[in-house]
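# A closer look at the structure
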Amino acid sequence: MSTTRPCSPGDRGPEPGDAPGASQAGAPGVEAPQGGAATVTSGSPGGRQVRRLSFDGASGVVPLARDFARQALYAWAWLPAATADQRAAAEDVLLVVSELVTNACLHAEGPDAMVLSCDNKVIRVEVSDRGAGQPAPRTPHRAGRPGGHGMFIVQRLCLDWGVVRTPDVAGKTVWAELGAPA
């Protein structure tokens, strides 16, 4: 698992903002979160579905992000889960969402946006912020020590994760990918 390998633009298909046919909040099956704005793109090339949540002016961003992710999991048929493995995979996605958004709150003045994308095998979570720091699991990891477990949890649950920075733009996007249950 990588903590620094960035995913190059276009490496995983079209960028969410470049996807054609994006519809605004209020589209069928998408509720605009209170204090945020939602965008849904479906049927993009490669069968990837994308949902974007803006945190502009939002409060309570962690529960807002979890609720938004839960709605996406229902739309993508990860929920309701038919098996314990499927239920665990959906809960892992929600936990990773919580950890990445919480880290943006604690270390980067809050998140700007979250993008969730899904194909048949992988869900990708991206959280953008204006922070300059570099997320990394604490080493050595001490399970009994309070705090500092967020990126360790992300590292353990995800297939891969990393940070993407855009030249001449403040901030970063922290991304993580989780596999679908078998």
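Now for a look at the structure at hand. (Residues numbered from 1 in each chain as written. Predicted model: local features only at pLDDT ≥ 70, side-chain atom pairs only at ≥ 80, totals over all residues. Heavy atoms only, no water.)

### Focus on the overall build of the chain
When its secondary structure is counted, the chain shows 3 helices and 7 strands. Burial statistics for the chain: of 182 residues in total, 43% are counted as buried. Considering only contacts within the chain whose residues lie at least 6 apart along the sequence, 55% involve residues at least 24 apart. Accessible surface, the chain as shown: approximately 9,400 Å² in total, 51% of it carbon and sulfur. (Helix = DSSP H or I, 4+ residues; strand = E, 2+ residues; numbered from the N terminus. Buried < 20%, exposed > 50% of the residue type's maximum accessible area, 1.4 Å probe, protein only. Contact = heavy atoms within 4.5 Å. Areas by Shrake-Rupley, 256 points an atom, 1.4 Å probe, with all protein chains shown as cover.)

### Observations concerning helix H1 (residues 61-75)
The terminal C-alpha atoms of H1 lie 21 Å apart, and with 15 residues this matches the ideal 21 Å at 1.5 Å per residue to within 8%. With its phi angle positive at about 65 degrees, Ala-77 sits one or two positions after the end of H1. (Expected span 1.5 Å × (residues − 1).)

### A word on the packing of H1 against helix H2 (residues 84-107)
Two elements in contact, H1 and H2, have axes separated by 9 Å at closest approach and are oriented at 150 degrees. In terms of orientation, H1 and H2 fall into the roughly antiparallel class. At the point where H1 passes H2, the crossing takes the right-handed sense. Along its contact with H1, which presents Val-61, Val-62, Ala-65, Arg-66, Ala-69, Arg-70 and Leu-73, the element H2 presents Ala-90, Glu-91, Val-93, Leu-94, Leu-95, Val-97, Ser-98, Val-101, Thr-102 and Cys-105. Taken together, the residues of the contact of H1 with H2 break down into 12 nonpolar, 2 polar and 3 charged. (Axes fitted to C-alpha atoms, helices over the stretch in contact; angles between N-to-C directions. Parallel < 35°, antiparallel > 145°, perpendicular 65-115°, else oblique. Left-handed = near helix turned anticlockwise from the far one by under 90°. Nonpolar A, V, L, I, M, F, W, Y, C, P; charged D, E, K, R; others polar.)

### Structural notes on the nonpolar core
If you look at the biggest cluster of nonpolar residues, it comprises 38 residues, and the most contacted ones within it are Val-97, Leu-100, Met-114, Leu-116 and Val-125. Where this core is concerned, the elements lending two or more residues are H1, H2, strand E4 (111-118), strand E5 (122-129), helix H3 (150-157), strand E6 (160-164) and strand E7 (172-179). Among the elements that line this core, the one with the most residues is H2, at 9 residues. (Core = buried A, V, L, I, M, F, W, Y, C linked by side-chain atoms within 4.5 Å.)

### Brief notes about the pairing of E5
Sheet faces and side chains relate simply in a regular strand, where the side chains alternate between the two faces. In terms of burial, E5 is a largely internal element, 7 of the 8 residues being buried. With 7 bridges connecting them, E4 and E5 associate as antiparallel partners. Bridge assignment links Leu-116 to a residue of E5, and that residue is Val-125. Note: E5 against E7, 8 bridges, orientation antiparallel. What sits directly across from Ile-123, in E7, is Leu-178. (Pairing = 2+ DSSP bridges.)

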